[in-house]
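Each chain is listed here by its residues.
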Amino acid sequence: MDTYYTTKGDIFRSCWLSEHHSNTASAKRPGPYGDYMCDSPWSLLESATQAMKSKQGDNVEFVLWTGDGLSHSAKRMHETKRLDVLRNITELMSRTFPSQFVFPVLGHEDGTANFEQLGDLWRHWLPLEALQTFEKGGYYTIEQTKSRLRIIALNTNYMRHDAKYSQSHSSAVKQRPDGSYHFPNGGGGHYGGGAEHHLGKHYHARDGASSTGYLYSDRRNGYSSSSNLADSGVGGHASALSGSSSHESEKQWEWLEEVLAKSSRNKETVYIVGHIPPGSDERHIGHTMPFGHSSFTEKNNVRYLRLVKRYSSIIQGQFFGHLHSDSFRVVYNEVGKPVSWMMIAPSISPRRNSESNNPAMRLYKFDTDTGQVLDYTQYYLDLEQANKLEEAVWQSEYNLTTYYYGLSEVSSVALHNLADRFNNADDAQFMKYYRANSVRHATSTCEGVCLLNHYCAITRLDYREFRSCLETAAKAMASKNGSPGGLLIPTSLVFDRLLMALTPALLMFLLLLVRGWSGSPSTSRIGDELWSSTVSAGAVVNSCWSIASTCWLASTNLLVAIGHAVTTAIGRSVAILLVSALSCFCVCLNQARMGMTFLTRRKT
């Protein structure tokens, strides 16, 4: 949510009021439900929650809120104001789904908020044990006792940090405001602050559990946090911006492995929920390294994937956001067998750094006895139409299995088979996927390197494997399509390669013009002398021309070798200019040598 959004704002400045914004009638103004270049106004968030409520009623088991309630504009706000924004969204969710649980995780824009303040804000959704870990590190686990389904909510901000983004633990400590609640270990058997009255729920100690373990129950199901996995350390105030080497960051890794090990022993089903997904962004074409603060570091990426592979037998699903795109990921074990999957849902916010999206939200269908995900329905808002009609009509975009992709089930093998078809831009399944990727807002085609980037991001979450996939897949696809040299040559490079091929012929033609430079008696002699001097110094001339030819061929071959990595218009143009300049330099060097020979002969 962007509290600075206004329909009188400048779409090129995040839809904020700007003194530089044109007041002419022709200037495009933001719509009442948002703009593709901006984050969400309140009207958009409210329409989304109300639409889901009207379509599903009480048939919602729980809500996963995958982060970034705060927008980019929150960076200019005081912390109190940021907390107020999250409080408004929290109250909206509570009013809309009063009988459901909402399980929030921290987004990368939410990371500066104090954990204990957020714990106070979300305590009506989270049992006490979950609050104890959340207030120290922003992560927690919840157990659905009816089906033995465990939800693990991660603070992925800890996983994204390099040293340059680190802060000391002491600098991140913030004092709790007066009047806030604090629940140390063993602190009572119910929530404070009127939480019981708000939701009308009650809590019972779980059989065989310690006195600090509580069961959250209502008319359908019950949720509780782990009874003995909470850290016994002193309650901390560490911000989510603590560094990856910090004590709190390492404790989350230790806690996660302990939770997974315990769930494996108890034969529980696990959902992992987070904001930032591991792996690469499928839309960042040409970028093969982690993106600093917006993705996992390579070390943390490897560490997370190792845990997923080890406990893949109990992990029924992984759910992430952050990328503002509709995609999925497949995790493979050491022998190449697909063993786990991740779903990346698009955002309510239409804004993205590259191609924007239509606003979207997702409804999953799962077996409450086993935790098996059976299907999902993607809902979306045609933003342009909503602004035009001044009415937000949320509608179904597609079902995952019913007819869109034709999957028989939601599993790592089924998703692997689907992704395996994404090496052909003409394949109907990839065309459907790419249309859904931007929630029906894609403005360009996706082939060549673009297609490879999607395929490799989906199937190769390890950064090194992702880079290798781009190289090997390019060769394989080019060989399949009959491209020379075993390399994929996108259509957009055809004209460039044609120009490169013609340049040597043009340069040769200019060179031969010297022979015909004899239009008058005064120039005939000079032309004949020049040509004869060239012929008489044949060895030297041939050597120079060989140098020119060699330079050109070497440059061309070099460009072909790296051609699949040169994807942008600027990159292609620079490459052509460099190769052409090198060739021209060699030919000019040849001509200069010939001219010097001629002058030497004339002087002699």
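Before reading on, note that the structure itself is shown above.
Criteria and thresholds
- Residues numbered from 1 in each chain as written.
- Predicted model: local features only at pLDDT ≥ 70, side-chain atom pairs only at ≥ 80, totals over all residues.
- Heavy atoms only, no water.
- Salt bridge = Lys/Arg side-chain N within 4 Å of Asp/Glu carboxyl O.
- Helix = DSSP H or I, 4+ residues; strand = E, 2+ residues; numbered from the N terminus.
- Phe/Tyr/Trp six-rings, centres within 6.5 Å; stacked < 30°, edge-to-face > 60°.
- Buried < 20%, exposed > 50% of the residue type's maximum accessible area, 1.4 Å probe, protein only.
- Lys NZ or Arg CZ within 6 Å of the ring centre and 35° of its normal.
- Disulfide = S-S within 2.5 Å.
- Core = buried A, V, L, I, M, F, W, Y, C linked by side-chain atoms within 4.5 Å.
- Contact = heavy atoms within 4.5 Å.
- Axes fitted to C-alpha atoms, helices over the stretch in contact; angles between N-to-C directions.
- Parallel < 35°, antiparallel > 145°, perpendicular 65-115°, else oblique.
- Left-handed = near helix turned anticlockwise from the far one by under 90°.
- Nonpolar A, V, L, I, M, F, W, Y, C, P; charged D, E, K, R; others polar.

(A) Representation of the pattern of salt bridges. Scanning all chains against the criterion turns up 15 salt bridges. Salt-bridge contacts for glutamate 298 lead to arginine 464; the nearest nitrogen and oxygen are separated by 3.5 Å. Here glutamate 298, found in helix H8 (residues 298-310), pairs with arginine 464, found in helix H14 (residues 463-481); they are 166 residues apart in sequence, far enough to count as distant. Connected through salt bridges with shared partners, the residues Asp120, Arg123 and Glu135 form a single ionic network.

(B) Layout of the packing of aromatic side chains. What the rule picks out here adds up to 26 aromatic pairs. Measuring from ring centre to ring centre gives 6.3 Å for phenylalanine 115 and phenylalanine 134, while their planes differ by 55 degrees; the resulting arrangement is tilted. Taken as a pair, phenylalanine 115 in helix H3 (residues 115-122) and phenylalanine 134 in helix H4 (residues 128-137) lie far apart in primary sequence, 19 residues in all. For the pair tyrosine 398 and tyrosine 405, a centre-to-centre distance of 6.0 Å together with 75 degrees between the ring planes defines the contact as edge-to-face. For the pair formed by tyrosine 398 and tyrosine 405, the shared burial category is buried. Members of the aromatic cluster, connected to one another through ring pairs, are Phe62, Phe101, Phe103, Tyr271, Phe319, Trp341, Tyr364, Phe366, Tyr376, Tyr398, Tyr404 and Tyr405. Arginine 362 extends its terminal NZ or CZ atom over the ring of tyrosine 376, reaching a point 3.8 Å from the ring centre. Here the guanidinium or amino end of arginine 460 rests over the ring plane of tyrosine 332, the centre of that ring lying 5.5 Å away.

(C) Region of the structure containing the state of the cysteines. Applying the stated criterion across every chain, the model contains three disulfides. Across the disulfide, cysteine 15 is cross-linked to cysteine 38 (sulfur-sulfur distance 2.0 Å). Between cysteine 15 and cysteine 38, the S-S dihedral sits near 75 degrees, and the bridge is therefore right-handed. On the criterion of sequence distance, the pair formed by cysteine 15 in the segment before helix H1 (42-56) and cysteine 38 in the segment before H1 is long-range, its members being 23 residues apart. Given the relative accessible area of 0%, cysteine 15 is considered buried. Paired by a disulfide, cysteine 456 and cysteine 469 hold their sulfur atoms 2.2 Å apart. One disulfide, between cysteine 456 and cysteine 469, carries an S-S torsion of -80 degrees and so falls in the left-handed class. Here cysteine 469 lies in helix H14 and cysteine 456 lies in helix H13 (residues 449-459), a separation of 13 residues in the sequence. For the pair shown, cysteine 456 and cysteine 469 are each scored as buried.

(D) Expanded view of the side chain of asparagine 155. Here asparagine 155 lies in the loop between strand S4 (149-153) and helix H5 (169-172). Judged by its relative accessible area of 0%, asparagine 155 falls in the buried class.

(E) Structural context of the nonpolar core. Membership of the largest hydrophobic core comes to 114 residues, with the highest contact counts inside it found for Trp122, Tyr304, Phe328, Met343, Tyr405 and Phe422. In terms of residue count, H13 provides more of this core than any other element does, seven residues in total. Excluding its chain neighbours within four sequence positions, the residues that come into contact with tyrosine 405 are Tyr398, Leu400, Leu418, Gln429, Lys432, Tyr433 and Ala436.

(F) How the structure looks around unusual backbone geometry. Residues other than glycine seldom take positive phi values, yet cysteine 15 does so here, at roughly 65 degrees. Positive phi is not limited to glycine here, since histidine 322 has a value of about 75 degrees. Mapped onto the fold, histidine 322 is located in the loop between strand S9 (315-320) and strand S10 (327-332).

(G) View of the packing of H1 against helix H2 (residues 79-96). Close contact between H1 and H2 brings their axes to 10 Å; oriented N to C, the two are set at 20 degrees. Compared by their axis directions, H1 and H2 come out roughly parallel. In the packing of H1 onto H2, the handedness of the crossing is right-handed. Contact residues: Trp42, Leu45, Glu46, Thr49, Gln50 and Lys53 in H1; Asn88, Ile89, Leu92, Met93, Arg95 and Thr96 in H2. Taken together, the residues that form the contact of H1 with H2 break down as five nonpolar, four polar and three charged.

(H) Spatial organisation of the environment of valine 273. With respect to the secondary-structure elements, valine 273 resides in strand S8 (residues 269-273). On the basis of relative accessibility, which here comes to 1%, the residue valine 273 falls in the buried class. In sequence terms valine 273 and phenylalanine 103 are 170 residues apart; their C-alpha atoms lie 9.0 Å from each other. Residue contacts for valine 273: discarding those within four places in its chain leaves Leu64, Thr66, Val105, Ile151, Ile152, Ala153, Leu154 and Phe319.

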